[in-house]
Amino acid sequence: MIKKIDILGIRLDNYTVREAIRQVENYMSGDALSAIGRISVQTLLASENDPVVRDVISSLDLSVIGEKEIMQAARIHTMQRIRETEADDFSVEFFKRIERNKKKVFLLGGTEEEVREAEKELLAQYPKLSIVGGYAVENSLSDPDAVINEMNGMIPDVVVSVLPTPLQEHFFWEHKTKMNAAIWYGLGSQGMYRDPHRVRGFFKSLMYLGRLRNCMSRYGAVRPEEENQEVR
């Protein structure tokens, strides 16, 4: 199975959930901040015109393909990976491990409501998850370092961001050297919620897939890496 794909000139990881979680376990015991990002079609499209978004995706320690449309555009037809992506299995296993290992989580959202909703959603699925704090970026506009001071004061192991693109990428790029945590998980605003309107979601997926393929046509064919490489 192909472990790396090159799409829009950006290398993305295509690990199985088992392989990706193995890396997460290493990150948990690391001394430096390790960055994980859930990559959506919208994130990739934003990278076309925003160099910060592009740089953040390229610099991630682990990029998690979050939508099957990316698989389709990259001509990845492995059923295991498609099923894992559709079910968002990585996030499920990620939070299970964080919960089981009693790691402390700090939530980052755009508004107070987003932070509260993210906490509610996570605790509904992982009731023993240790959420030690949260912060709405809207409250730090006059003092950009306020959120970092609040975050580091809670001594979290994991920072989970539900900020939308490109705010999420810009925040991370600006503050990554100031965060005292083991893992940053850029889940994004789309990663937390599923569209309850299946028909609307279907046509929306087609629209984004079409836009992504149009962008990809300017880069030529997708260039997968050979799969005899070991997982990082």
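Residues numbered from 1 in each chain as written. Predicted model: local features only at pLDDT ≥ 70, side-chain atom pairs only at ≥ 80, totals over all residues. Heavy atoms only, no water.

On to the overall build of the protein, then. Secondary structure summary: the protein contains 11 helices and 8 strands in total. Counting contacts in the protein only where the partners sit at least 6 residues apart, residues at least 24 apart contribute 80% of the total. Here the protein displays about 11,700 Å² of accessible surface, and carbon together with sulfur accounts for 49% of that area. (Helix = DSSP H or I, 4+ residues; strand = E, 2+ residues; numbered from the N terminus. Contact = heavy atoms within 4.5 Å. Areas by Shrake-Rupley, 256 points an atom, 1.4 Å probe, with all protein chains shown as cover.)

A word on the sheet that holds strand β5 (residues 104-109). Taking strand neighbours across the sheet as the criterion, the 6 strands line up as β4-β3-β8-β7-β5-β6 in an open arrangement whose pairing is parallel. Bordering the open sheet on either side are β4 (62-65) and β6 (130-136), each of which pairs with just one other strand. The average angle at which neighbouring strand axes cross in this sheet is 20°, direction not considered. In the sheet, strand β7 (residues 158-161) pairs with strand β8 (residues 183-186) via 4 bridges, with the strands oriented parallel. Following the sheet pairing, Val158 is matched in β8 by Ile183. (Pairing = 2+ DSSP bridges. Axes fitted to C-alpha atoms, helices over the stretch in contact; angles between N-to-C directions.)

Attention shifts here to unusual backbone geometry. With an omega of 5°, the peptide bond running from Thr165 to Pro166 counts as cis. Along the polypeptide, Pro166 turns up in the loop between β7 and α9 (167-175). The backbone phi angle of Leu8 is positive, close to 55°, even though this residue is not glycine. Mapped onto the elements, Leu8 comes out in the loop between β1 (4-7) and β2 (10-13). Of the residues examined, Leu8 reaches a relative accessible area of 2% and is grouped as buried. (Buried < 20%, exposed > 50% of the residue type's maximum accessible area, 1.4 Å probe, protein only.)

This paragraph deals with the pairing of strand β3 (residues 34-39). β3 sits mainly inside the fold: 6 of its 6 residues count as buried. Residue alternation in β3 divides its side chains into two sets, Ser34, Ile36 and Arg38 and Ala35, Gly37 and Ile39, and both sets are buried. Note that β3 and β4 share 4 bridges and pair parallel. Following the sheet pairing, Ile39 is matched in β4 by Ile65.

With that settled, the discussion passes to a negative patch on the surface. A cluster of like negative charges, contributed by Glu112, Glu113, Glu114, Glu117 and Glu138, occupies part of the molecular surface. Mapping Glu138 onto the fold places it in the loop between β6 and α8 (146-153). Taking relative accessible area as the criterion, Glu138 reaches 39% and is therefore assigned partly exposed. (Patch = residues over 30% accessible without salt bridge, like charges linked within 9 Å, V, L, I, M, F, W, Y side chains within 5 Å. Salt bridge = Lys/Arg side-chain N within 4 Å of Asp/Glu carboxyl O. Lys, Arg positive; Asp, Glu negative; His and termini not counted. Charge placed at Lys NZ, Arg CZ, Asp CG, Glu CD.)

Before going further, it helps to examine the nonpolar core. Nonpolar side chains in soluble globular proteins tend to be buried together. Ile7, Leu12, Leu44, Ile70, Leu108, Phe171 and Trp184 are the most contacted members of the largest nonpolar core, which totals 36 residues. If you look at the next biggest cluster of nonpolar residues, it comprises 30 residues, including Ile21, Met28, Leu122 and Ile183. (Core = buried A, V, L, I, M, F, W, Y, C linked by side-chain atoms within 4.5 Å.)

Attention shifts here to the packing of helix α1 (residues 17-28) against helix α6 (residues 89-100). The description of two packed helices rests on the angle between their axes and on the distance between the axes. Running from N to C, α1 and α6 cross one another at 35°; their axes reach a closest spacing of 10 Å. The hand of the α1/α6 crossing is right-handed. Where α1 abuts α6, its residues Val17, Ala20, Ile21, Val24, Glu25 and Met28 lie against Asp89, Phe90, Glu93, Phe94, Arg97 and Ile98. Of the residues contributing to the contact of α1 with α6, the split by class is 8 nonpolar, no polar and 4 charged. (Left-handed = near helix turned anticlockwise from the far one by under 90°. Nonpolar A, V, L, I, M, F, W, Y, C, P; charged D, E, K, R; others polar.)

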